[in-house]
Amino acid sequence: MATTSDIRNGLCIRYNHDIFKVTEFLHVKPGKGPAFVRTKLKSVTTGKVIDNTFSAGHKIEEVRVETHKYQFLYQEGEFYHFMHVEDFTQIRLLEAALDMPNLLKEGEVVSILINTEDNMPLSVDMPPHVVLEVTQTEPGLKGNTATNATKPATLETGAEVNVPLFINEGDKVKVETEKGTYKERIKE
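Residues numbered from 1 in each chain as written. Predicted model: local features only at pLDDT ≥ 70, side-chain atom pairs only at ≥ 80, totals over all residues. Heavy atoms only, no water.

### Observations regarding the sheet that holds strand S8 (residues 79-84)
Sheets are built from strands paired through backbone hydrogen bonds, the pairs being either parallel or antiparallel.
For step 1, the next point in the chain: Sheet architecture is open: five strands sit in the order S9-S8-S7-S10-S11, paired in antiparallel fashion. Edge positions in the sheet fall to strand S9 (90-94) and strand S11 (121-125), since each of these pairs with one other strand and no more. Put simply, the sheet's adjacent strands are angled 40 degrees from each other on average, direction ignored.
For step 2, the next point in the chain: Two strands pair when backbone bridges link them, and strand S7 (residues 65-76) and S8 are joined in this way by six bridges, in the antiparallel orientation. (Pairing = 2+ DSSP bridges. Helix = DSSP H or I, 4+ residues; strand = E, 2+ residues; numbered from the N terminus. Axes fitted to C-alpha atoms, helices over the stretch in contact; angles between N-to-C directions.)

### Re the pattern of salt bridges
For step 1, the next point in the chain: A complete count under the given rule lists nine salt bridges for this structure.
For step 2, the next point in the chain: Residues arginine 8 and glutamate 62 are paired through a salt bridge, measuring 3.9 Å at the closest nitrogen-oxygen approach. One end of the pair, arginine 8, is in the loop between strand S1 (2-3) and strand S2 (12-15); the other, glutamate 62, is in strand S6 (residues 59-62), with 54 residues separating them in the sequence.
For step 3, the next point in the chain: A salt bridge links lysine 183 to glutamate 176, with the shortest nitrogen-to-oxygen separation between them at 3.7 Å.
For step 4, the next point in the chain: On the basis of relative accessible area, lysine 183 is assigned to the partly exposed category, the value being 45%.
For step 5, the next point in the chain: On the basis of relative accessibility, which here comes to 16%, the residue glutamate 176 falls in the buried class.
For step 6, the next point in the chain: In the salt-bridge network here, residues are joined through shared partners; they are Arg14, Glu61 and Glu117. (Salt bridge = Lys/Arg side-chain N within 4 Å of Asp/Glu carboxyl O. Buried < 20%, exposed > 50% of the residue type's maximum accessible area, 1.4 Å probe, protein only.)

### As for the UniProt feature "domain: Translation elongation factor P/YeiP central" (unreviewed entry) in the protein
For step 1, the next point in the chain: Here the UniProt-annotated "domain: Translation elongation factor P/YeiP central" (unreviewed entry) positions come out as residues 67-122.
For step 2, the next point in the chain: Annotated as 0% helix and 54% strand, the span residues 67-122 places its first and last C-alpha atoms 10 Å apart. (UniProt positions renumbered as here; feature names shortened; annotations may be inferred.)

### Regarding the side chain of asparagine 52
For step 1, the next point in the chain: Relative to the assigned elements, asparagine 52 resides in strand S5 (residues 49-55).
For step 2, the next point in the chain: Apart from residues no more than four positions distant in its own chain, asparagine 52 is found in contact with Tyr15, Val37, Arg38, Thr39 and Leu41. (Contact = heavy atoms within 4.5 Å.)

### Looking at the packing of aromatic side chains
For step 1, the next point in the chain: Overall, the coordinates contain four aromatic pairs when judged by the stated rule.
For step 2, the next point in the chain: Measuring from ring centre to ring centre gives 6.0 Å for tyrosine 15 and phenylalanine 20, while their planes differ by 70 degrees; the resulting arrangement is edge-to-face.
For step 3, the next point in the chain: Aromatic rings pair up to connect Tyr15, Phe20 and Phe54 into one cluster.
For step 4, the next point in the chain: The cationic tip of arginine 92 hangs over the ring face of phenylalanine 79; the distance from NZ or CZ to the ring centre is 3.9 Å. (Phe/Tyr/Trp six-rings, centres within 6.5 Å; stacked < 30°, edge-to-face > 60°. Lys NZ or Arg CZ within 6 Å of the ring centre and 35° of its normal.)

### Structural notes on the pairing of S8
For step 1, the next point in the chain: Within S8, five of the six residues are buried, which leaves the element mostly enclosed by the surrounding structure.
For step 2, the next point in the chain: As judged from the five bridges shared by S8 and S9, these two strands associate in the antiparallel manner. When the sheet's bridge partners are listed, phenylalanine 82 is paired in S9 with isoleucine 91.
For step 3, the next point in the chain: Counted along the chain from S8 to the antiparallel partner S9, the turn is five residues long, and its residue phenylalanine 88 has a positive phi close to 60 degrees.

### So, the environment of glutamate 184
For step 1, the next point in the chain: Among the secondary structure elements, glutamate 184 is positioned in strand S16 (residues 181-186).
For step 2, the next point in the chain: Residue glutamate 184 is classed as partly exposed on the basis of its relative accessible area of 35%.
For step 3, the next point in the chain: With 11 residues separating them along the chain, glutamate 184 and valine 173 place their C-alpha atoms 5.8 Å apart.
For step 4, the next point in the chain: Once residues lying within four places of it in the same chain are set aside, the contact partners of glutamate 184 are Val173 and Lys174.

Following this line, the structure appears as structure tokens:
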């Protein structure tokens, strides 16, 4: 059993008969009254995010997890197939277990959290940025780079991202996986 002082980002806990991952937390010590910890918890089974407040010293049940590197192989319907990079075992996960499945390119290496009690995969952590090629967008016009205007672009994985006007088809762009937003153009 852990206490609220052990709460940190990425910690997996058992709460309300489900396993949650702490995505945000804030320890609050008001001038009057007891301290408490405000948390944002994401269910690793359903993907639902809830806000919860724990009073200071509250006991929480920690779930032991291991992180393993897996390579994304292919998608089949709503299932995504991954291969362990060290022992080459394969697993398949439902689309709901992934945060941004539309940014996942074949061959991409991701970290998968696995519950040590029953060896069940809990969630997939994507790399912070992915580099993808723009497959379709309106052509950019010269001189349109002074304003902060954007246009929609379709990437090689099928994801749609708003990019600046100077991005053309065939350009490679860096996309932030947490928010699914354009970061920068990659020159080769």
